[in-house]
Amino acid sequence: MHEGHRQRLKKRFRLDGLDKFEDHTALELLLFYALPQHDTNPLAHALMDHFGKLAAVFDAPMEDLMKVKGVGENTALLIKLIPQMSRKYLVSKADNVICLNTTCKAGKYLLPRFYAHRNEVVYIVCLDAKCKVLGCIQLFEGNVNSANVSIRKIIETALSFNATSVILAHNHTSGIALPSADDEKTTILIKNALESVSIRLSDHIIIADDDFVSMADNGILR
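The structure displayed is predicted, hence computed values, not measured ones.

Some words on the sheet that holds strand β3 (residues 165–171)
On the basis of which strands lie adjacent, the open sheet formed by five strands has the order β2-β1-β3-β4-β5 and mixed pairing. If you trace the sheet from one side to the other, it starts and ends with β2 (133–141) and β5 (211–214), each paired once. Neighbour-to-neighbour, the strand axes of the sheet open up by a mean angle of 20 degrees, direction not taken into account. Relative to strand β4 (residues 200–208), β3 runs parallel, the two being bridged by seven bridges. If you follow V166 over to β4, its bridge partner there is L201. On the sheet, helix α7 (residues 103–110) packs against β1 (121–127), β2, β3, β4 and β5 and is oriented at approximately 55 degrees with respect to β4. Across the sheet, helix α9 (residues 181–195) is in contact with β3 and β4; its angle to β4 comes to roughly 155 degrees.

Here's what the structure looks like:
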């Protein structure tokens, strides 16, 4: 009976994709590949009941997932793999944009890199004189105003790519993309430090969920 149910769900996915699946049914299908010999419908319901919605299941830490009866390490790993693999997919698609000469292009390039991050992270994009991307790396974990943010590290990274200009980006886990007073103060310090080695800070982009705000567009970098 379970095998027939699995085959029906797989066929339904092959024909129509996931859009018409209920959230718990989509999760049930995913769990097939962690628990090949089990009926995964009850576990899918248990996860949804415990965390409330599908996004919360994928955002939950592994240790919290494993508190749900029936979730072992392999199941928790599979669940945690999905959002991070999705981020890699989105970044790979965004990498087709290699010339970041507008705020819109820069935002679209950077947004996928923050997908499903639960903590604040800081990225630097190094650009040549024509605004082509020389490199994009995650510099720090923690907000841009924290002690973990080293201006020296930012300068060293820009110099290592022989960058003409750089774009900084960090996320606000609060869901509000507006720069804080501390964001503005730190940005000016970084801007002045980069100028001392003839590198321009062309923008500092604040990201929250699917939204972003440019400090350059807001006049903060003038």
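There's plenty left to go through after this.
Here we look at the pattern of salt bridges
Applying the stated criterion across every chain, the model contains three salt bridges. Between R152 and E156 there is a salt bridge; the shortest N-O distance is 3.0 Å. On the criterion of helical spacing, the pair formed by R152 and E156 is a turn pair, its members being four residues apart in helix α8 (residues 151–160).

Observations concerning α8
Buried within α8 are the following residues: I154, I155, T157 and A158. Along the axis of α8, the buried residues cluster in a sector spanning 160 degrees; they form a single face. Turned more than 90 degrees away from the buried face of α8, the exposed residues are R152 and S160. Of the surrounding elements, those touching the buried residues of α8 are β1, β2, β3 and α9. Just downstream of α8 lies N162, where phi reads positive at about 55 degrees.

Things to note about the nonpolar core
Judged by nonpolar contacts, the single largest core of 20 residues is most densely connected at L27, L47, V57 and L65. For this core, the elements supplying multiple residues, two or more each, are α2 (23–31), α3 (41–51), α4 (54–59) and α6 (73–94). It is α3 that provides the largest number of residues to this core, a total of five residues. Once residues lying within four places of it in the same chain are set aside, the contact partners of L47 are L27, L31, G52, V57, L65, V68, V71 and I79. Within the second largest apolar cluster, 17 residues are counted, among which are V122, I154, I155 and L201.

Notes on unusual backbone geometry
Most of the time, phi is negative for any residue but glycine, and the peptide bond is trans. Even without glycine at this site, N162 takes up a positive phi of about 55 degrees. Tracing the chain through its elements places N162 in the loop between α8 and β3. Judged by its relative accessible area of 65%, N162 is exposed. A positive phi angle, close to 55 degrees, is found at D209, a residue other than glycine. Checked against the element boundaries, D209 lands in the loop between β4 and β5.

Some points on the packing of aromatic side chains
We describe a pair of aromatic rings using the distance from one ring centre to the other and the angle between the two ring planes. Counting across every chain of the model gives one aromatic pair. Here the aromatic rings of F114 and Y123 are separated by 5.2 Å at their centres, their planes lie at 70 degrees, and the arrangement is edge-to-face. Each member of the pair, F114 as well as Y123, is classed as buried. Of note, R113 hangs over the ring of Y109, and the distance from its end group to the ring centre comes to 4.0 Å.

Comments concerning the environment of V71
For V71, the location among the structural elements is in the loop between α5 (62–65) and α6. In this structure, the C-alpha to C-alpha distance between V71 and L31, residues 40 residues apart in sequence, is 9.9 Å. When near neighbours in sequence (up to four residues on either side) are disregarded, V71 contacts L43, L47, L65, M66 and A76.

Quick notes on the rules
Residues numbered from 1 in each chain as written. Predicted model: local features only at pLDDT ≥ 70, side-chain atom pairs only at ≥ 80, totals over all residues. Heavy atoms only, no water. Pairing = 2+ DSSP bridges. Helix = DSSP H or I, 4+ residues; strand = E, 2+ residues; numbered from the N terminus. Axes fitted to C-alpha atoms, helices over the stretch in contact; angles between N-to-C directions. Contact = heavy atoms within 4.5 Å. Salt bridge = Lys/Arg side-chain N within 4 Å of Asp/Glu carboxyl O. Buried < 20%, exposed > 50% of the residue type's maximum accessible area, 1.4 Å probe, protein only. Arc of directions from axis to C-beta. Core = buried A, V, L, I, M, F, W, Y, C linked by side-chain atoms within 4.5 Å. Phe/Tyr/Trp six-rings, centres within 6.5 Å; stacked < 30°, edge-to-face > 60°. Lys NZ or Arg CZ within 6 Å of the ring centre and 35° of its normal.

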